[in-house]
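Here are the chains, one letter per residue:
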Amino acid sequence: MVESVANVFLQSLDDLLVEEIEHLVGASDEAEQAKKDLRNIHSLLMKADSSRHDSPTLKDHITQLKNLASKAENVLETSYAVKAAFNQEADHMEKLQRYICVLRELYSVDKVRRDTRDIISGLSYLTNSLVMELGRETEASSLSTAMSLDHPFVGMEKDIELLLSMIKDESTRQRVVKISGMSGLGKTSLARRIYNHADLHSYVRAWVCIHRDFQPRAVLAEILKQLDPNSYGHDSKEVDYLVRQIYKFVEKRKSLVVIDDIWKNDGWEIMREAFPINCNVFLITCSESVGSEECDHLYKLGVMTEDEGWELLKRIALPQDFGSAETLENIGREIVVKCGLLPLAISVIGGILLHKKGDILAEWKKVNMNLNRVEGVEEYKRVKHVLELSYDALPYYLKPCFLYLACFPEHEEIKTDRLYLMWMAEGFISHHDKGPNETLRDVAERYLAELATRHMVQVQKGDSPLHKFDSCQLHELMLELCSSKVEEEKLFKHIDTTSTIFNLISRVRSFMPLSKGGLSFQRIGSEDRTIGSEQTLHSSRILKFTGDKLPSKVGKLILLRYLSLMDSGVRELPKFVCNMPYLQTLELRAWGAVLRLPNVLWKMKRLKHLFLPRDIQVIKVEKPRLGWLEVTEREKLRLDGLDELETLQQIDSKTVRVKDILKLNSLKEVFATVHDMDSLSAIIQQKSISSLHLVVNHCDLSSDVLKNTLMCPSLVSLELYTCKVVGAGFPCYEEGMAENVVDLNIRYCKVEGDLMLELGKFPRLQSLWLQGREVGRMDPR
């Protein structure tokens, strides 16, 4: 079978062949042939993977691909170094020294071209070899997006009705419910159905997962944050304070708190004081002892009946238009019995069967035969084998995406927007899977959707047109499988950065030390030896910096795709960042004070995702006769050169040239604060944007301007702060208005008209916040 990292090698070659080849070899026909060979190799590997083809020669071909990818990386690094040397600024003495080195640089240029042509020849040879072994390639089929992501739910409908009625019965005084049972029975799925039920949307709710190393302060702070999103600054508070605040907040409110995967009674003993008797609390646990004294209702889940198992398998494995399943029923019932009648195992096998092609009955028989090996073994080993079958059935391009999830701590809800960017930076997302008008982010979302339809990951749906999913996570048994496969396939490795062994590592693709609080990258600094040598990280794709000053050696990480200053103490961004040629994601939301930015970001031609902090000071950079001089003036950040930019977050019209957005035709998602009508107009005129989050501050808005804003189809959230709506008042609702708006916040505004009558017609509005004394008819005076 095709190795899971083959896609990574293809992406490294893409970087060379798609971006640089015409510049390096100067022949468009050679460039086009090389790109065609790369597409053919991708299609042939897809064909080999779908047919489960395995042979020593195929492994040799993957090794050749790896060697070509490594050579491509070296060419890119050398090419960049040569271009940087030719383009660097210099005084007269430096120019004299430069002329002495011209012959050496010309030799380097010639070597880059020779190496590039060697890579082109190698690709041609590899393509022909794969064709001889596998036959002529076929066009790679696109991923299906029509499969339902609404996971079927069988066998607990009465339980849901009973638990819902109990929650809504305000006469009930004791409300602690414990859902217990072994892993894989659907405890979390049952609780999630209730938590997301439409009847409870008016309740304040919180859902937390408990790690084995229970940290009460972090858990209680998270509960308070979810219950009261407007509260902040609680992370440093003591446990007693948090308990009192939660109790006070939910005491007179309808509430539901779910505590998932709690293992020890000690944790519950600490938390239970935070919940008054009117608060509904669900404890999800595998332990019989947790909450046994305080529990008012116990739901101990068991395995499914055979009928329920067969019904679940049908709903997952067969398309809705399949017709009669009678010919599959006998073999299907055998499969669910071999799965131990466990919902998780049945769901995973259903995900495998759903993606089978050709003769359905024959494919079901093959899967059933593979399950024969688990008959008679204990339940845990049986489930483990089923999960391993689901991994083996993954296409090769999905395997690294799945394994990458082992980077994240157990139970963490992984934010998909960050995950997609990291997958792209690692090279897991193939350019060849892009459809018309699609971005790599769209492909990443499709990859996650396919993992979800295979029941390999659990996803939470998003509320934005651009974001199908908000977060994802792994079931604990799936995480166990994921971690074991990571060790087996050596995709990445957990390393003790304090050991001398780490400093001997020559090439690290991504530096990703983990902390208990989540995925974090170690501090880098000239005084910090945990980073190892410059050679250690020179091939890195991802780096999150948590120090106070970005060292100059970071600027030499030519292949870096993802640079984050999130939670760092950086106060000024060095100019060398704009010279990093392949940077895709720049996360500048540093912790604390104002971030000083040189006005050079517009030069980053390949930048696709830019995240700015709320407070920035733009540094004007002037180039005088000698050296560089920085002059700080009140100037605005330029954006007009960022032609590939897709994501732009936290821009403010006071510090950013918002009018430049009209030139950014790749832009998809924008978070913006505007203080003037020209900036507002520029943003809503950009038709490429598909997800707009907008704050309008201190503006006098005519009724027509507000109407045009609400008619913007990309608008997802809108906040009006200290604005005055002049003229005819709040516009009357008409078809197409606020068609995608889910959040609306109107604070301290003067608005005439029957606001509630019009807002009640917004079709997708989920959250409404009205504050102030002059909002329409809200003020009885």
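What counts, and where the lines are drawn
- Residues numbered from 1 in each chain as written.
- Predicted model: local features only at pLDDT ≥ 70, side-chain atom pairs only at ≥ 80, totals over all residues.
- Heavy atoms only, no water.
- Axes fitted to C-alpha atoms, helices over the stretch in contact; angles between N-to-C directions.
- Helix = DSSP H or I, 4+ residues; strand = E, 2+ residues; numbered from the N terminus.
- Parallel < 35°, antiparallel > 145°, perpendicular 65-115°, else oblique.
- Contact = heavy atoms within 4.5 Å.
- Nonpolar A, V, L, I, M, F, W, Y, C, P; charged D, E, K, R; others polar.
- Buried < 20%, exposed > 50% of the residue type's maximum accessible area, 1.4 Å probe, protein only.
- Pairing = 2+ DSSP bridges.
- Salt bridge = Lys/Arg side-chain N within 4 Å of Asp/Glu carboxyl O.
- Phe/Tyr/Trp six-rings, centres within 6.5 Å; stacked < 30°, edge-to-face > 60°.
- Polar contact = N/O pair within 3.5 Å; in protein donor to acceptor, adjacent residues only side chain to side chain.
- Core = buried A, V, L, I, M, F, W, Y, C linked by side-chain atoms within 4.5 Å.

Caption draft 1: Region of interest: the packing of helix α12 (residues 306-317) against helix α13 (residues 326-338). The geometry of α12 relative to α13 is characterised by a closest axis approach of 9 Å and an angle of 110 degrees between their N-to-C directions. When the interaxial angle is binned, α12 and α13 end up roughly perpendicular. Facing Glu-306, Asp-307, Gly-309, Trp-310 and Leu-313 of α12, the residues of α13 in contact are Leu-328, Glu-329, Gly-332, Arg-333, Ile-335, Val-336 and Val-337. Split by residue class, the contact of α12 with α13 holds six nonpolar, two polar and four charged.

Caption draft 2: Highlighting the environment of Val-290. Residue position: Val-290 is located in the loop between β4 (280-285) and β5 (297-300). By relative accessible area, Val-290 is classed as buried at 0%. Distance in space between the C-alpha atoms of Val-290 and Lys-264 is 6.0 Å, their sequence separation being 26 residues. If sequence neighbours within four positions are ignored, Val-290 has contacts with Lys-178, Ile-262, Trp-263, Lys-264, Asn-265, Trp-268, Leu-283 and Thr-285.

Caption draft 3: Quick look at the pairing of strand β22 (residues 715-721). Across the seven residues of β22, six count as buried, placing the element largely inside the fold. In this sheet, β22 lies alongside strand β20 (residues 691-697) in parallel orientation, the contact comprising six bridges. In the sheet register, Leu-692 faces β22, and the bridge partner there is Leu-715. By the bridge criterion, five bridges tie β22 to strand β24 (residues 743-747) in an arrangement that is parallel. In the strand pairing of β24, Ser-717 is matched with Asp-743.

Caption draft 4: Expanded view of the pattern of salt bridges. Inspection of the entire model under this criterion finds 26 salt bridges. Salt-bridge contacts for Lys-168 lead to Asp-199; the nearest nitrogen and oxygen are separated by 2.9 Å. Of this pair, Lys-168 sits in helix α7 (residues 157-168) while Asp-199 sits in the loop between α8 (187-195) and β2 (204-209), and the two are 31 residues apart along the sequence. Among the residues examined, Asp-199 registers a relative accessible area of 37% and is labelled partly exposed. A single salt-bridge network, built from bridges that share partners, covers Glu-306, Asp-307, Glu-329 and Arg-333.

Caption draft 5: Main features of unusual backbone geometry. For Gln-650, which is not a glycine, the phi torsion comes out positive at approximately 65 degrees. Here Gln-650 lies in strand β18 (residues 647-652). Even without being a glycine, Thr-722 presents a positive backbone phi close to 45 degrees. If you trace the backbone, Thr-722 turns up in the loop between β22 and β23 (724-726). Here Thr-722 falls in the partly exposed class, since its relative accessible area comes to 26%.

Caption draft 6: Up close: the packing of aromatic side chains. Under the definition given, this model contains ten aromatic pairs. Both rings, one in Tyr-391 and one in Phe-402, keep their centres 6.0 Å apart while their planes meet at 40 degrees; by these two values the pair is tilted. Taken together, the residues Tyr-391 in helix α16 (residues 379-392) and Phe-402 in helix α17 (residues 399-404) connect sequence positions eleven residues apart. Judged by relative accessible area, Tyr-391 falls into the buried class, the value being 1%.

Caption draft 7: The arrangement of helix α23 (residues 677-685) in detail. Residues of α23 that are buried: Ser-679, Leu-680, Ala-682, Ile-683 and Ile-684. On its buried face, α23 sits against β19 (669-674), β20, β21 (700-702) and α24 (703-710). Looking at where α23 begins, the residue whose side-chain oxygen comes 3.3 Å from the main-chain nitrogen of Asp-678 is Asp-676.

Caption draft 8: Structural detail: the pairing of β24. In terms of strand pairing, β24 meets strand β25 (residues 767-771) through five bridges, oriented parallel. Considered in β25, the bridge of Asn-745 is made with Trp-769.

Caption draft 9: Geometry of the nonpolar core. Core analysis: the biggest nonpolar cluster contains 99 residues, and Phe-282, Leu-313, Ile-349, Trp-364, Phe-402, Trp-423 and Ile-429 have the highest contact counts within it. In terms of residue count, helix α19 (residues 440-453) provides more of this core than any other element does, eight residues in total. If near-sequence neighbours (up to four positions away) are discounted, Phe-402 is found in contact with Tyr-391, Leu-394, Leu-451, Met-456, Leu-474, Met-478, Leu-481 and Cys-482.

Caption draft 10: Broad picture of the sheet that holds β4. Spatially, β2-β3-β4-β1-β5 is the arrangement adopted by the five strands of the open sheet, whose pairing is parallel. Strand pairing shows two members of the sheet lacking a second neighbour, β2 and β5, which therefore form its edges. When the angles between neighbouring strand axes are averaged without regard to direction, this sheet yields 15 degrees. Pairing of strand β1 (residues 176-180) with β4, which is carried by five bridges, proceeds in the parallel orientation. Following the sheet pairing, Lys-178 is matched in β4 by Leu-283.

Read these as layout, nothing more, since geometry by itself doesn't imply function.
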